[in-house]
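Structural overview
Given next are the chains, with one letter for each unit.
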Amino acid sequence: MNIEKRLIQISKLLKNHEKLIQTEALDLYPFDDHIQSQYGEMLCAITSLDRYEKIELELNFHKSSKLANSHIKMINEINQLKELPRYKTKEYILPNELKRKLSQKKQHEIFQIKNLMDEKTPKHLIDIGSGAGHLSSVLIFENDLTSLCIDANEDYQKIGKSKLQKYFPDIYKRLTFKTVEIDKNNLEKHIQKKGFLIGLHACGNLSTDLIQNYNSNSFEGLLSLGCCYHKLTNEGLNLSQSAKRINLQLSNHALTMAAKTFKSPSKNDLDKKEKVKKFRYIAHFLMLDILKLPFRSFGNGSKSDYQLDFSTYVKKFIPEAKHLSDEYLESFFNEYLPTYHKVIDLGIIRSHFARLIEIYLILDRALYLKEQNLEVQIIQLFDEHISPRNLAIYIPPIR
């Protein structure tokens, strides 16, 4: 795969839909001529889908024959740009004691990394954001590797030490814990010897700090998986020269969408969330269109608030609406239901770009390393249904 070419292709598509991805769908109300002309045909077609077809469209890009041709064409283009090499899922057998405190998700991630690393085993690991050291413990099991586990949380490290001292003293002897908060300025200062650098779901700027500090003279390979993109600052964006030339600016709304996990809800959860959204969104429309007020957050309402009539809910959270009759407010609610569904449907279209934003960020990081003449691979390392943040930047270890 040509990383730079893919970066440019994705950036062009994202820029073409920049207004939609940079802002939440609700904040785009009332829709201007640009939104109407670009997505109006798509929105008209989506109204013919039932609630479960809409969920399939959002979660799985299910291309119903009811969709507009322009929408199907856009989904096809996104699907092509999303395709990246996949690492084959494998099974790995571990003693039950090593699996203690490990969720199924974490076991899957660690097994996949173990299989990948066994293909070309490094000598020494530097595990950033290691927590209790679960990953390093597995990677140095049944071999002669050593690992330095660096994390800012001493409590997590105490849990790891206790488990290893009890069940695996040999691993404990070859694993060093260091309690320190790592950033781009102090990484090398806390490393005693060269090794293979790992950042499994290093949060926000920590992932980019590791990549920007990677140097083939100091480290002997790299495995980086990003996480919490919404915590990225401008320093963590557009690292590569190619991305700097493209200059795609991503808002916190766009970065938050890139970090989302889309899961199929149960009918009960769906009903609850829909009730909450209807009340909140239609209250938003009331404030803008009738009360001429800028929208403000209502905070976290209790479950009981959403069991009320809409009129009671509004008068509780919007004092300026108390002069409006209950009959008027209930009528307003029913009148604006189609508008609510239109905003929800625009959010479905917007969600299609979530994965592309994440891929853009990963491609930029990989290209930054490639510009330093490093051999970089991008792999979908985990099963996305188990661990959605599955995009790995990999420089094989030197041995």
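Structure report, in brief. (Residues numbered from 1 in each chain as written. Predicted model: local features only at pLDDT ≥ 70, side-chain atom pairs only at ≥ 80, totals over all residues. Heavy atoms only, no water.)

1. Re the environment of E235
Definition in use: Here a helix means four or more residues in a row that DSSP labels H or I, a strand means two or more in a row labelled E, and each is numbered from the N terminus. Classification of residues uses two cut-offs on accessible area relative to the type maximum, computed with a 1.4 Å probe and protein chains only: under 20% is buried, over 50% is exposed, and between them is partly exposed. Working rule for contacts: check all heavy atoms of both residues, and any pair within 4.5 Å makes them a contact.
On the secondary structure map, E235 appears in the loop between β5 (219-227) and α11 (241-246). Residue classification places E235 among the exposed residues on the basis of a relative accessible area of 51%. When the C-alpha positions of E235 and N205 are compared, they lie 7.8 Å apart, and in sequence the two are 30 residues distant. Every residue in contact with E235, bar those within four places of it in the chain, is listed here: K184, N205 and Q212.

2. Section: helix α13 (residues 267-289)
Using the following cut-off: In a helix, the anticipated span is given by 1.5 Å times the number of residues less one.
Taking 1.5 Å of rise per residue, 23 residues should cover 33 Å, and α13 covers 32 Å from first to last C-alpha, within 8% of that figure. Among the residues of α13, those classed as buried are L270, K278, F279, Y281, I282, A283, H284, F285, L286 and M287. Residues of α13 that are buried in the fold lie against α4 (51-60), α14 (310-317), α15 (326-335) and α16 (337-351).

3. Side note on the side chain of H201
Inspection of the secondary structure assignment puts H201 in strand β4 (residues 195-203). Accessibility expressed as a relative area gives 16% for H201, which makes it buried. Among residues more than four places away in sequence, those in contact with H201 are K105, E109, L225, G226, C227, F382, S387 and R389.

4. A look at helix α3 (residues 33-46)
So the rule is basically this: Values of bend correspond, residue by residue, to the angle between axes fitted over the seven residues ending at that residue and the seven starting there. Here a polar contact is taken to be a pair of N or O atoms separated by no more than 3.5 Å, where protein atoms must pair a possible hydrogen donor with a possible acceptor and residues adjacent in sequence count only if both atoms sit in side chains.
Counted at 1.5 Å a residue, the expected span for α3 with its 14 residues is 20 Å, and the 19 Å between its end C-alpha atoms agrees. Considering bend angle alone, the principal kink of α3 is centred on Y39 and spans about 60°. Every buried residue belonging to α3 is among I35, Y39, G40, M42, L43, A45 and I46, and all of these are buried. Packing partners of the buried residues in α3 comprise α2 (18-22), α4, α5 (69-82) and α16. Its side-chain oxygen placed 3.1 Å from the backbone nitrogen of H34, D32 serves as the N-cap of α3.

5. A word on the pattern of salt bridges
Side chains that differ in sign of charge can pair as their charged atoms come close. Threshold: In the sections that follow, a salt bridge refers to a side-chain nitrogen of Lys or Arg positioned within 4 Å of a carboxyl oxygen of Asp or Glu.
By the definition in use, this model includes 17 salt bridges. Taking the shortest distance from any N to any O, the salt bridge between D118 and K114 comes out at 3.7 Å. Residue D118 and its partner K114 are located together in helix α6 (residues 104-118), separated by four residues, close to a single helical turn. R296 serves as the salt-bridge partner of E320, at 2.7 Å between the closest nitrogen and oxygen. Here E320, found in the loop between α14 and α15, pairs with R296, found in the loop between α13 and α14; they are 24 residues apart in sequence, far enough to count as distant. Under the relative-accessibility criterion, E320 is labelled partly exposed at 34%. Via salt bridges that share partners, R51, D271 and E274 belong to a single interconnected network.

6. Points about the pairing of strand β1 (residues 124-128)
We apply this condition: We call two strands paired when DSSP finds no fewer than two bridges between them. Look down the strands so they point away from you; if going from the first strand over the helix to the second traces a clockwise path, that crossover is right-handed.
Of all five residues making up β1, five are buried, and the element is well covered by its neighbours. Residues H124, I126 and I128 point to one face of β1 and L125 and D127 to the other, with burial holding for every one of them. Strand direction decides the pairing type here: β1 and strand β2 (residues 146-151), joined by five bridges, are parallel. Among the inter-strand pairings, H124 is bridged to a residue of β2, identified as T146. Handedness of the β-α-β unit built from β1, helix α7 (residues 134-139) and β2 comes out right-handed. The pairing of β1 with β4 spans four bridges and is classified as parallel. Looking across to β4, one finds that D127 is bridged to I198.

7. Remarks on the nonpolar core
The cut-off we apply is this: The criterion is simple. A nonpolar core is a set of buried Ala, Val, Leu, Ile, Met, Phe, Trp, Tyr and Cys residues joined through side-chain atoms within 4.5 Å.
Among the nonpolar cores identified, the biggest contains 101 residues, and F285, F353 and L369 are the most heavily contacted of them. The element that contributes the greatest number of residues to this core is helix α17 (residues 354-370), accounting for 12 residues. Leave out the neighbours within four places in its chain, and L369 touches I211, Y214, L222, L374, V376, I393 and I395. The next biggest cluster of nonpolar side chains, apart from the first, holds 33 residues, and it includes L94, L135, I140 and A392.

8. Topic: the packing of α3 against α16
How two helices sit against one another is set out by the angle between their axes and by the gap between those axes. Quick reminder of the rule: A fitted line through C-alpha atoms represents every axis, and for helices the fit uses only the stretch in contact; the resulting angles, taken between N-to-C directions, go from 0 to 180 degrees. Should an angle fall under 35 degrees it is taken as roughly parallel, and over 145 as roughly antiparallel, whereas 65 to 115 is taken as roughly perpendicular and any remaining angle as oblique. For this classification, the nonpolar set comprises Ala, Val, Leu, Ile, Met, Phe, Trp, Tyr, Cys and Pro, the charged set comprises Asp, Glu, Lys and Arg, and every other residue, Gly included, is treated as polar.
Viewed as axis vectors pointing N to C, α3 and α16 meet at an angle of 105°, and their least axial separation amounts to 10 Å. In terms of orientation, α3 and α16 fall into the roughly perpendicular class. Every residue of α16 that contacts α3 at I35, Q36, Y39, M42, L43 and I46 is listed here: K342, D345, L346 and I349. Split into classes, the residues belonging to the contact of α3 with α16 amount to seven nonpolar, one polar and two charged.

9. Some points on unusual backbone geometry
Going from Y29 to P30, the amide bond is cis rather than trans, its omega being -5°. Its location among the elements puts P30 in the loop between α2 and α3. Located in the positive-phi region is F61, a residue other than glycine, with phi close to 55°. Of note, F61 is situated in the loop between α4 and α5. Here the phi dihedral of N247 falls at roughly 55°; this positive angle occurs in a residue that is not glycine.

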